[in-house]
Amino acid sequence: QKEVEQDPGPLSVPEGAIVSLNCTYSNSAFQYFMWYRQYSRKGPELLMYTYSSGNKEDGRFTAQVDKSSKYISLFIRDSQPSDSATYLCAMSGFTGGFKTIFGAGTRLFVKA
Amino acid sequence: DTGVSQNPRHKITKRGQNVTFRCDPISEHNRLYWYRQTLGQGPEFLTYFQNEAQLEKSRLLSDRFSAERPKGSFSTLEIQRTEQGDSAMYLCASSPGQGETEAFFGQGTRLTVV
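What comes next concerns the included structure.

Conventions we followed
- Residues numbered from 1 in each chain as written.
- Chains lettered and ligands numbered in written order.
- Predicted model: local features only at pLDDT ≥ 70, side-chain atom pairs only at ≥ 80, totals over all residues.
- Heavy atoms only, no water.
- Salt bridge = Lys/Arg side-chain N within 4 Å of Asp/Glu carboxyl O.
- Helix = DSSP H or I, 4+ residues; strand = E, 2+ residues; numbered from the N terminus.
- Buried < 20%, exposed > 50% of the residue type's maximum accessible area, 1.4 Å probe, protein only.
- Contact = heavy atoms within 4.5 Å.
- Buried area = accessible area lost by both parts, 1.4 Å probe.
- Polar contact = N/O pair within 3.5 Å; in protein donor to acceptor, adjacent residues only side chain to side chain.
- Disulfide = S-S within 2.5 Å.
- Pairing = 2+ DSSP bridges.

Let's shift gears to the pattern of salt bridges. Tallying each qualifying case throughout the model produces 6 salt bridges over all chains. The partner of Arg60(A) in a salt bridge is Asp83(A), with the nearest N and O atoms 2.9 Å apart. Of this pair, Arg60(A) sits in the loop between strand E6 (54–58) and strand E7 (61–66) while Asp83(A) sits in the loop between strand E8 (71–76) and strand E9 (85–92); the two residues are 23 residues apart in sequence, bridging distant segments of the chain. Arg60(A) sits in the partly exposed class, given a relative accessible area of 26%. Between Arg22(B) and Asp24(B) there is a salt bridge, with the nearest N and O atoms lying 2.8 Å from each other. The class of Arg22(B) is partly exposed, set by a relative accessible area of 34%.

Here is the structure:
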């Protein structure tokens, strides 16, 4: 079993839809939770960053962390074609080091 | 440009050749990470440095791979005797390094072994 599980999609939605992206994880040592956006042939770009459980909102993006369920989510409101990308969840904690572990990424297509 | 810089952006090499990639992290970031990403997968951790000290290496990092960060600034990743299975995007990231913080990535070096 992978430490971080993420549905690879693809997920296709119409413009303006609310998008929900999710990850589950198994290591309770993870404390920091991140979402990265990656366009084709580019490096990952940090979108959201959350410590421990709770919600964080930034514009059209909301990140949620439920440590009791080991489940994190990213919501995108009023989705735009420019949101079409791969979304990677990532997490870190003192697991003997400070490396960040990534999910496989979910490919999102927002249709105009 | 104050982001993480990686060079070269693309590298095509013949099987059996050695290749070296360079990463310049964000200024004053103490931690530097190397990841490998293949098509359809998330980045896989290879190794990380706290200043010039290499603190952790993944089992993915075979003895053909070596990474250095000699003065705690830029880093190099060398792959010796390349194999076709080494074809991937090699990503470098850096973070401030005080406790837990997010990592910022470069654009990556895409390696193709023919």
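Moving on from the model shown.
Here we take up the interface of chain A and chain B. Across the contact, 23 residues belong to chain A and 24 residues belong to chain B. Summing both partners gives a buried area of about 1,900 Å² for chain A against chain B, and 51% of it is carried by carbon and sulfur. At the junction of chain A and chain B, the tally comes to 0 salt bridges. Remark: the boundary between chain A and chain B carries 5 residue pairs in polar contact (both at pLDDT 80 or more). Elements represented by at least two residues in the side of chain A that touches chain B include exactly strand E4 (32–38), strand E5 (45–51), E9 and strand E10 (100–102) of chain A.

What follows is about the state of the cysteines. By the definition in use, this model includes 2 disulfides over all chains. Sulfur-sulfur distance for the disulfide between Cys23(A) and Cys89(A) comes to 2.0 Å. An S-S torsion of about -100° defines the bridge between Cys23(A) and Cys89(A) as left-handed. You can see Cys23(A) sitting in strand E3 (residues 19–25) and its partner Cys89(A) sitting in strand E9, a full 66 residues away along the chain. Residue classification places Cys23(A) among the buried positions, given a relative accessible area of 1%. Two residues share a disulfide in this structure: Cys23(B) and Cys92(B), whose sulfurs sit 1.8 Å from each other. Taking the torsion about the sulfur-sulfur bond, which here is approximately -70°, the covalent link between Cys23(B) and Cys92(B) counts as left-handed. On the criterion of sequence distance, the pair formed by Cys23(B) in strand E3 (residues 19–24) and Cys92(B) in strand E9 (residues 88–95) is long-range, its members being 69 residues apart. For Cys92(B), a relative accessible area of 0% puts it in the buried group.

All names here are of chain B. With 5 of its 7 residues buried, strand E5 (residues 44–50) lies for the most part within the structure. Bridge analysis of strand E4 (residues 31–37) against E5 gives 6 bridges, and the strand direction is antiparallel. When the bridges of E5 are listed, Arg-31 appears paired with Gln-50. Hairpin connection between E4 and E5: a loop of 6 residues separates the two successive antiparallel strands, and Gly-40 in this loop has a positive phi of roughly 80°. Relative to strand E6 (residues 53–57), E5 runs antiparallel, the two being bridged by 4 bridges.

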